[in-house]
There are 2 protein chains.
Amino acid sequence: MQRDKANLVDSVATESGGKMVLLVADGLGGLPHPETGLTELETARTPNLDALAVESACGLHVPIAPGITPGSGPAHMALFGYDPVRYEIGRGVLEALGIGFDLRPGDVAIRVNFATVDEEGRIVDRRAGRIPTEKCEELTARLDRIELPMSEVFVRPVREHRAVIVLRGAGLAGGLNDTDPQATGVPPLPIEITDGAQEKTAEVLNAFLRAATEILKDEPAANAITMRGIAALEPIPSVGERFKIRAAALAGYPMYRGVAGLVGMDVLQMVETADDVEEALRAAYRDYDFIFVHFKKTDSSGEDGSFEAKVAATEELDLTAERVRSVNPDVLLVTGDHSTPSSMAMHSWHPVPVLLRAARARVDDVTAFGESACLRGSLGTVRGVDLMPLMLAHAGRLAKFGA
Amino acid sequence: MQRDKANLVDSVATESGGKMVLLVADGLGGLPHPETGLTELETARTPNLDALAVESACGLHVPIAPGITPGSGPAHMALFGYDPVRYEIGRGVLEALGIGFDLRPGDVAIRVNFATVDEEGRIVDRRAGRIPTEKCEELTARLDRIELPMSEVFVRPVREHRAVIVLRGAGLAGGLNDTDPQATGVPPLPIEITDGAQEKTAEVLNAFLRAATEILKDEPAANAITMRGIAALEPIPSVGERFKIRAAALAGYPMYRGVAGLVGMDVLQMVETADDVEEALRAAYRDYDFIFVHFKKTDSSGEDGSFEAKVAATEELDLTAERVRSVNPDVLLVTGDHSTPSSMAMHSWHPVPVLLRAARARVDDVTAFGESACLRGSLGTVRGVDLMPLMLAHAGRLAKFGA
């Protein structure tokens, strides 16, 4: 292998070594409460995470780059050791992964809105009056029966007016324009290609649109569809190929299961409670070198904008972290994929605390797991994509570079 | 836009958001006084900067890369969000900007020395006995009257033996060799081209040299010229195109005004005093999204090698910072473009303190603005080029990357 910066880690990865567990608390990082100066994580009672911090190397990570707020897809790609800009996952692909659709390399996935158009075909409501999810399910089932000669077509509901189309077949491509004009009073945009490789995909989608228009023509609200984020699932080298590890994912939400599957992790049973996590982790620990455990509530409570709810979710995380610790992995790394400060009620760019517990970790004097305390940790502030190499190194899985 | 690391920030920049003020104290960083262990900034009485630090996220920035001492041009390019290696500004171009010459893309600018040569054309004095600036002005006025068929030629004085030539016309190029041999006893070097695209420029310069030799032949000291840093002004995408901001510059020195103009900032009236700065900033704040304010004395006092003078300049900066704060910008970032330790009496590579005050800043426990205190700040140590994305993020001007 010709060695360059992008594959330096891959080029020194070895087959043997210790076992690693990556516990990701989604949206973990936060911002200080104006009255106390303490973040959600610093406010929560987290005796188990603090005890882990005492015996760990601590630090922070910048998920993508300074100032860049990541979606969950790129943020997880970085944690899995993939440059999230080089391996950008298209929006249609993420939407399909988010409903648990079993995408294959080469598939083209598309986000769909049901919409309302008038007699001239001009959009009156870009969201078809937010039809109920049941209606969405009924309509997608009808559209799913469309058969086209050039490609398989799958149509699946997301919720309300949102759905997904997946095309499967040879010679398909992504990157075509959105047909949603992001405005009312105008018709959906025609599909245009910028590259000869998109020609077949455009034909398939135009044929699909004609058939869909016929099926939907008598619907009072959802009498049209618009398409966005037309994206092919590009082949991605697996963590097995790159890092010589057998990897598994324990997660409860389809999108995280989907992204883990994309990089070649075995996606195990759904986990929800701390009991689930411990039991599944003990079983998986026998068979896998690397296990990704996803904890969702720290993000959803932050997105809801409730400081108190995020504190409570963080205290729940603390119990899950203790269950994970009880398995005593050779390398345990606890972090978030990005920050979700409850004061912003959205993802943010702020660095995320990290703790890394391993026999060879340079244990520092950080005694609490929090944004401020981790600033003084021995890991310093690294990029999200640097954490996988650090886990592999601490597991004794990276050979010396050069002699 | 095909997204890559170089345009990641551009690709997520949005049209709307808060307003930003960047206060650059030139050469701000320093080194500890051997007796007190405190730098100039740590020695100065700076109650206003310290108060800002209390309510800010603090940190340090490495202007270009570890160990690299920047000139003011690249250091400011980095602060404006431009990779200073990718967008390197040629020396001739910087010299022309430094005298306030209104360069246009495609112009070729050249640093000129008046020199003394003997009857055989060998250089006797590379600086023509450091002729007085008035003499330089007289000679450049005569050389400026040279007319050439292939290009416009402008000749302008800098000071003493130094001048600038600017060529303007189609098909010109930079990158030709210096004619200054950096030695005496030898004649100036001939102009050589390494690329066919330089042919016309070489012809123009040779024709100019013949005409100049004729004009200068009876001068006792300045009877020849040498040329260095022959550089074209390459087109640079503006901050408006890249970051979707309307930007303005408040600066008193031509070079900073010139570099700001290069990246598409509106260069406003000259400012010198703290009063000037506040008044101009209040007016500009209505019309612009981003305002760059330049403070020079911290650098010039450091270059003079006086610890005390730099302390005094820093106390003056403190008053200017308070005037800037009084405008209460949504995002206020105070830093330097590089360090200029008075003990070195020159620019250096040492990291530079940063404070960032904004509603969404992760306020830390730094209570003084100084090199040591900022080491414990929540921004950590970043690159100079990372500061613009951080300002844009805190102003709410960067959309999420990926879903």
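All values reported here derive from a predicted model rather than from experimental measurement.

Undergrad: Please explain the sheet that holds strand β12 (residues 352-358) of chain B as it appears in this structure.
TA: Either a parallel or an antiparallel arrangement is found when strands of a sheet pair, and the pairing is made through backbone hydrogen bonds. All names here are of chain B. Ordered by their spatial adjacency, eight strands build an open sheet running β9-β8-β10-β1-β11-β12-β2-β13, and the pairing between neighbours is mixed. In this open sheet, the two edge strands, each paired with only one partner strand, are β9 (266-267) and β13 (380-383). Relative to β12, strand β11 (residues 331-335) runs antiparallel, the two being bridged by five bridges. Residue pairing in the sheet places Val331 in a bridge with Ala358 of β12. Running over the sheet, helix α12 (residues 307-326) touches β1 (20-25), β10 (290-295) and β11 and is turned about 175 degrees from β1.

Undergrad: Just checking my understanding: could you explain the relation of the copies chain A and chain B for this structure?
TA: Mapping between the two copies of the chain is achieved by a rotation about an axis and a shift along the axis. Screw-axis analysis of chain A against chain B gives a translation of 0.2 Å along the axis, an RMSD of 0.2 Å, and a rotation angle of 125 degrees. Seen this way, the second copy is the image of the first under a three-fold rotation axis. Residue A:Arg376, judged by its C-alpha, is the member of chain A lying nearest the rotation axis, at 4.1 Å.

Undergrad: Help me understand the domain arrangement of chain A in this model?
TA: Interface size is often expressed as the accessible area that is lost when the parts come together. Residues and elements named next belong to chain A. Along its sequence, chain A is organised into domain 1 (12-87 + 237-394) and domain 2 (94-232). Opposite the six residues of domain 1 that make contact, domain 2 presents five residues. The element contributing the most residues to the side of domain 1 that touches domain 2 is helix α9 (residues 254-262), with five residues. Considering only residue class, the side of domain 1 that touches domain 2 consists of three nonpolar, two polar and one charged.

Undergrad: Got a minute to help me understand helix α3 (residues 47-54) of chain B in this structure?
TA: Residue pairs three or four apart in sequence face the same way in an α-helix, which turns once every 3.6 residues. Residues and elements named next belong to chain B. Looking at α3, one finds that the buried residues are Asn48, Leu49, Leu52 and Ala53. Buried residues of α3, viewed axially, fall in a sector of 145 degrees; they line one side. On its buried face, α3 sits against β2 (57-62), α12, β11 and β12.

Undergrad: What am I meant to see in the packing of α3(B) against α12(B) here?
TA: Each pair of packed helices gets described by two things: the angle between the helix axes and the distance between those axes. All names here are of chain B. Remark: α3 packs on α12, axes separated minimally by 7 Å, with the N-to-C direction vectors making an angle of 50 degrees. Taken together, the axes of α3 and α12 lie oblique to each other. Contact residues: Pro47, Asn48, Leu49 and Leu52 in α3; Asp318, Ala321, Glu322 and Arg325 in α12. Grouping the amino acids of the contact of α3 with α12 by side-chain chemistry returns four nonpolar, one polar and three charged.

Undergrad: What exactly am I supposed to notice about the interface of chain A and chain B here?
TA: Listed by partner, the interface residues are 25 residues for chain A and 25 residues for chain B. Tallied by class, residues from the side of chain A that touches chain B come to 14 nonpolar, eight polar and three charged.

Undergrad: Even after reading the chapter, I still don't get the nonpolar core, so can you show me in this structure?
TA: One recurring pattern in soluble globular proteins is that nonpolar side chains are buried together. Core analysis: the largest hydrophobic core is formed by 252 residues, its most contacted members being A:Leu250, A:Val293, B:Leu250 and B:Val293. A:Leu250 has contacts with A:Leu268, A:Val271, A:Val277, A:Ala280, A:Leu281, A:Ala284, A:Ile291, A:Phe292, A:Val293 and A:His294, leaving out every residue within four places of it along the chain.

Undergrad: What should I look at first to understand the sheet that holds strand β10 (residues 290-295) of chain A in this one?
TA: Residues and elements named next belong to chain A. Strand order across the open sheet formed by eight strands is β9-β8-β10-β1-β11-β12-β2-β13, with mixed pairing between neighbours. Strands with a single pairing partner mark the edges of an open sheet, and in this sheet they are β9 (266-267) and β13 (380-383). As paired strands, strand β1 (residues 20-25) and strand β11 (residues 331-335) are joined by five bridges and run parallel to one another. Bridge pairing links Val24 to Thr335 in β11.

Undergrad: Would you mind showing me how to read unusual backbone geometry here?
TA: Across residues other than glycine, the phi torsion is negative in most instances, and most of the peptide bonds are trans. The phi dihedral of A:Asn328 falls on the positive side, at around 55 degrees, and the residue is not glycine. If you trace the backbone, A:Asn328 turns up in the loop between α12 (307-326) and β11.

The rules behind the values
Residues numbered from 1 in each chain as written. Chains lettered and ligands numbered in written order. Predicted model: local features only at pLDDT ≥ 70, side-chain atom pairs only at ≥ 80, totals over all residues. Pairing = 2+ DSSP bridges. Helix = DSSP H or I, 4+ residues; strand = E, 2+ residues; numbered from the N terminus. Contact = placed C-beta atoms within 7 Å. Axes fitted to C-alpha atoms, helices over the stretch in contact; angles between N-to-C directions. Least-squares fit on C-alpha atoms with pLDDT ≥ 70 in both. Domains from an automatic or database assignment. Nonpolar A, V, L, I, M, F, W, Y, C, P; charged D, E, K, R; others polar. Buried ≥ 20, exposed ≤ 12 C-beta atoms within 10 Å, placed from the backbone. Arc of directions from axis to C-beta. Parallel < 35°, antiparallel > 145°, perpendicular 65-115°, else oblique. Core = buried A, V, L, I, M, F, W, Y, C linked by C-beta atoms within 7 Å.

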